[in-house]
Amino acid sequence: MSLRRRLVISMCAAILLVGLAGAVVAYFEISHQTKRLLDGQLRQVAAVVASRTILQPHSDDAIQVEVWNLDGSRRYTSNPALQLVHRQLPGFSQIVIDGEPYRIFMEDFPDRSVAVAQAVDARDDQAEGAALAALTPALLMLPVLALVMTALVSVLLRPVREAAQVVAERQPLSSEPLNIARLPREIAPLVEEINRLLERQQAALEEESAFLIDAAHALRTPLAALQLQFDVLDGSPDPVERNSRLAALRAGIRRAARLSEQLLAVARTPGFATEQLEHVDFDAILQETCDLYRAIAEDAHVQLRLSAESGVSLHCNPRDLLVIFGNLLDNAIHFAPRGSIVEIASTSDGVTASAEVRDCGPGVSGREPKNLSVRAGGIERLGGFGLRAVQNVTARLGGQIKMLTRTDQASGLVVRITLPIAGS
Amino acid sequence: MRVLLVEDDPMIGASLVRGLSDHGYAVDWIRDGAEAQSRLLDTEEPFQMVLLDLGLPSTDGLELLTAVRRSGSEVPILVITARGKLDNRVAGLDRGADDYLIKPFELPELEARMRALARRREGRATPQLKTAHLTLDPALRAVLKDETVLHLSAKEYAVLHALMVRPGAVLSRAQLESQIYSWCDTIESNAVDFLLHKLRQKIGAEQIENVRNLGWRVHT
């Protein structure tokens, strides 16, 4: 339900409730006041009758009058049919004559007693009439008030409606912030939050498009290799050479498939959180990653050496760890000189688990390790796609990446990944 | 034609070496930018074409390009790279590349561009190389003698191509060797003599003249 409708309905209901309650109270108050006026009237009539020496019959049915002498004999009655009972107590009281209730006022004067009576029904009619006459205009104003409220609500909510209109007319991927200048103070924070959300969404979109660019870029090299491997297939008449070219093509296809696997793993990153997490033996995953890359390392004449000594398990998706360390190993093997050793070592301090991938390739030259950022020259070594994959997944696992130039060798890069241990 | 291939990707490099060698090019393949730079700045190395990948491990391809041009080298350089953005292409050409080919590409296109670069460098507009009786079409890798098609091996073709680039000019044994063998080929001492012998059998001995103590030239 719209805010406007809620406001209108609740305000109309409030007006109706308060108005009716006020009317009820006013009704009883006015009829009470009217009855007091009528009582005053009875008292005045009694005083007038007492002052008259000659009492003539009158035709007013509304007020009955009886006068008695001091000895109790009736001296006058306005309506012989009525027999007001003599010797009521002075003052106001109520009696029933012929089944009809009467309000009666009796007063003793020096020479006579006077009783003035009025039918209760007539009194009630007058009181009701007076009350209704006073209340009618007020009750008639209630719908007018409701209409005015409705109109006011519409006018006051116009900025909100306009903001909604602006949002409704936006292009799906527009990142331009919503204008909050004309919005009421209560709505502005909401719109500011929406603007912030839009900013974050824009950043996410940019990240995604950067990933797509990186992915397309990363696919170019294996595709170029496949194209060339295919182009040279028929170039040699020697069957041994032809077989060797076929083998190269097969290796190229395997490489492209592996890269597409990595790309898929990263592309699925946002959905990872919904997948089943499990307790993963950190050292076993490192062993598995090494096994996966051993053939590639051998092709590059690089030796892989694993020392997995963390002895911890992590609560995560094992594929995440494969993405991180697969990319790091791929990178290390790529840059390691022929005949050198790429090391993976894991340790734990009880709170976090760390693993380092060390190679003897070029290091992070000329940069302070603490100033390293994604774009810093030294890290370009861990180029676009692979770095993005490692960063994305590590950040999601709540871990950290550090890249250092190796000091125990002439050159080399050390990439240290620190990840939180499950439950600590 | 002697080509220096600077490419760090082992698969692309191996395929290019194979494909270009099939077609008579002598290809030296270097994976490392720093090594490529020292080879290119060494004027003793008679490369007639450089295929340069920009994304190299140690030296950036663009820096290498700048350094080579600054040294005064005029060797045709064809950049082959995955960096396909406009500013990358502009930067590559502005720093002295003669052409720019974006990965992935097909081998025939690469070779066509190499031939075009060679023509430009030799100051020719026509694709064919001609003498009085011989026509060599680099695009088809076909050799005709007076309308008759001759069948030459890749190396024989390479020798004839080297001689016909400047008809009448004398090429020494060392010059021929450097143009038809890459540095990893093992060259027998009389390999060039043997190739020339076979070639003369096919195209007619009178078409190639032996200039005593200097070398060989094609008969114009």
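Just so you know, these numbers come straight off a predicted model, no measurement behind them.

Can you help me understand the overall build of chain A in this one?
What chain A contains, in helices and strands, is 9 helices and 12 strands. Relative to its 424 residues, chain A shows a buried fraction of 25%. Looking at chain A alone, contacts between residues at least 24 apart form 64% of all its contacts between residues at least 6 apart.

Would you take a moment to explain the overall build of chain B for this structure?
Each helix and strand in chain B was counted, giving 8 helices and 11 strands. The proportion of buried residues among the 220 residues of chain B is 40%.

Teacher, can you tell me more about the sheet that holds strand β9 (residues 148-150) of chain B here?
The pairing of strands in a sheet comes from backbone hydrogen bonds and takes either a parallel or an antiparallel form. Residues and elements named next belong to chain B. Taken in spatial order, the 4 strands make up an open sheet running β6-β7-β8-β9, and their pairing is antiparallel. Where the open sheet ends on each side, the last strands, each with one partner, are β6 (129-130) and β9. Judged from the 3 bridges that link them, strand β8 (residues 142-145) and β9 form a sheet pairing that is antiparallel. Looking at the pairing, Leu144 lines up with Val149 of β9.

Help me understand the sheet that holds strand β9 (residues 341-348) of chain A, please; the structure alone is not making it clear to me.
Residues and elements named next belong to chain A. The mixed open sheet is built from 5 strands, whose spatial order is β7-β9-β10-β12-β11. Because the sheet does not close on itself, it has two edges, and the strands there are β7 (303-308) and β11 (400-405). Each strand axis lies, on average, 15° off the axis of its neighbour in the sheet, ignoring direction. Bridge count for β9 against strand β10 (residues 352-358) is 6 bridges, and the pairing is antiparallel. Bridged to Ser346 within β10 is Ala355. Set on the sheet, helix α7 (residues 282-299) makes contact with β7, β9 and β10; between it and β7 the angle comes to about 175°. On top of the sheet, helix α8 (residues 318-335) reaches β9, β10 and β12 (413-420); it is set at about 20° to β10, its chief contact.

Help me understand unusual backbone geometry in this model?
Where the residue is not glycine, phi is negative for most of them; where a peptide bond is considered, it is trans in most cases. B:Lys103 connects to B:Pro104 through a cis peptide bond whose omega is -5°. Within the secondary structure, B:Pro104 sits in the loop between β5 (99-102) and α5 (107-122). Residues other than glycine seldom take positive phi values, yet A:His301 does so here, at roughly 55°. In this fold, A:His301 is placed in the loop between α7 and β7. The exposure class of A:His301 is exposed, given the 12 C-beta atoms found within 10 Å. Although it is not a glycine, B:Glu147 adopts a positive phi angle of roughly 75°. Mapped onto the secondary structure, B:Glu147 falls in the loop between β8 and β9.

What should I look at first to understand the confidence of the model for chain A in this one?
Atom-level detail of predicted coordinates should not be read off regions where pLDDT is low. All names here are of chain A. Looking at chain A, pLDDT values average 81 and 88% of them are 70 or higher. Mean pLDDT across the elements of chain A bottoms out in helix α6 (residues 269-272) (46) and peaks in β9 (93). Predicted confidence for residues 366-384 stays below pLDDT 50, and this span has 27 contacts to residues more than four positions away or in other chains.

I keep staring at the nonpolar core and nothing clicks. Help me out?
Judged by nonpolar contacts, the single largest core of 67 residues is most densely connected at B:Val3, B:Leu52 and B:Val159. No other element matches helix α6 (residues 154-165) of chain B, which puts 8 residues into this core. Residues contacting B:Val3, with those up to four places away along its chain left out, are B:Leu20, B:Tyr25, B:Ala26, B:Val27, B:Phe47, B:Gln48, B:Met49 and B:Leu51. Within the second largest apolar cluster, 33 residues are counted, among which are A:Ile285, A:Leu321, A:Ala332 and A:Ile417.

Sorry if this is basic, but what is going on with the interface of chain B and chain A here?
By a frequent convention, interface size equals the accessible area lost on bringing the separate parts together. Taken together, the 17 residues of chain B in the interface contact 20 residues of chain A. When residues in the side of chain B that touches chain A are grouped by element, the largest group, 8 residues, is from helix α1 (residues 10-22) of chain B. Taken together, the residues that form the side of chain B that touches chain A break down as 9 nonpolar, 3 polar and 5 charged.

I would appreciate a short explanation of the pairing of strand β10 (residues 208-211) of chain B in the present structure.
Residue and element names in this part refer to chain B. Where β10 and strand β11 (residues 215-218) come together, 4 bridges link them in antiparallel fashion. Within the sheet, the bridge partner assigned to Asn210 lies in β11 and is Trp216. Between the antiparallel neighbours β10 and β11 lie 3 residues, among them Asn213 with a positive phi of about 70°.

Just to check I follow, could you spell out α7(A) for this structure?
Given 3.6 residues per turn, any residue in an α-helix points the same way as the ones three and four places further on. All names here are of chain A. The terminal C-alpha atoms of α7, which comprises 18 residues, lie 26 Å apart, in line with the 26 Å expected from a rise of 1.5 Å per residue. Considered for burial, the residues of α7 that qualify are Phe282, Asp283, Ile285, Leu286, Thr289 and Tyr293. Tucked inside the fold, the buried residues of α7 contact β6 (278-281), β7, β8 (313-316), α8, β9 and β10. Two residues or fewer after α7 comes His301, characterised by a positive phi angle close to 55°.

Explain the environment of A:Phe282 here, please?
All names here are of chain A. Turning to its location among the elements, Phe282 is positioned in helix α7. Residue classification places Phe282 among the buried residues on the basis of 24 C-beta atoms within 10 Å. For the pair Phe282 and Pro318, spaced 36 residues apart in the sequence, the C-alpha separation amounts to 8.8 Å. Those residues in contact with Phe282 that lie beyond four places of it in its chain are Ser310, Val312, Ser313, Leu314, Ser346 and Ala353.

I keep staring at the environment of B:Ala118 and nothing clicks. Help me out?
All names here are of chain B. Within the secondary structure, Ala118 sits in helix α5. We classify Ala118 as partly exposed; it has 17 C-beta atoms within 10 Å. When the C-alpha positions of Ala118 and Val165 are compared, they lie 9.5 Å apart, and in sequence the two are 47 residues distant.

Procedures and definitions
- Residues numbered from 1 in each chain as written.
- Chains lettered and ligands numbered in written order.
- Predicted model: local features only at pLDDT ≥ 70, side-chain atom pairs only at ≥ 80, totals over all residues.
- Helix = DSSP H or I, 4+ residues; strand = E, 2+ residues; numbered from the N terminus.
- Buried ≥ 20, exposed ≤ 12 C-beta atoms within 10 Å, placed from the backbone.
- Contact = placed C-beta atoms within 7 Å.
- Pairing = 2+ DSSP bridges.
- Axes fitted to C-alpha atoms, helices over the stretch in contact; angles between N-to-C directions.
- pLDDT = per-residue confidence, 0-100.
- Core = buried A, V, L, I, M, F, W, Y, C linked by C-beta atoms within 7 Å.
- Nonpolar A, V, L, I, M, F, W, Y, C, P; charged D, E, K, R; others polar.
- Expected span 1.5 Å × (residues − 1).

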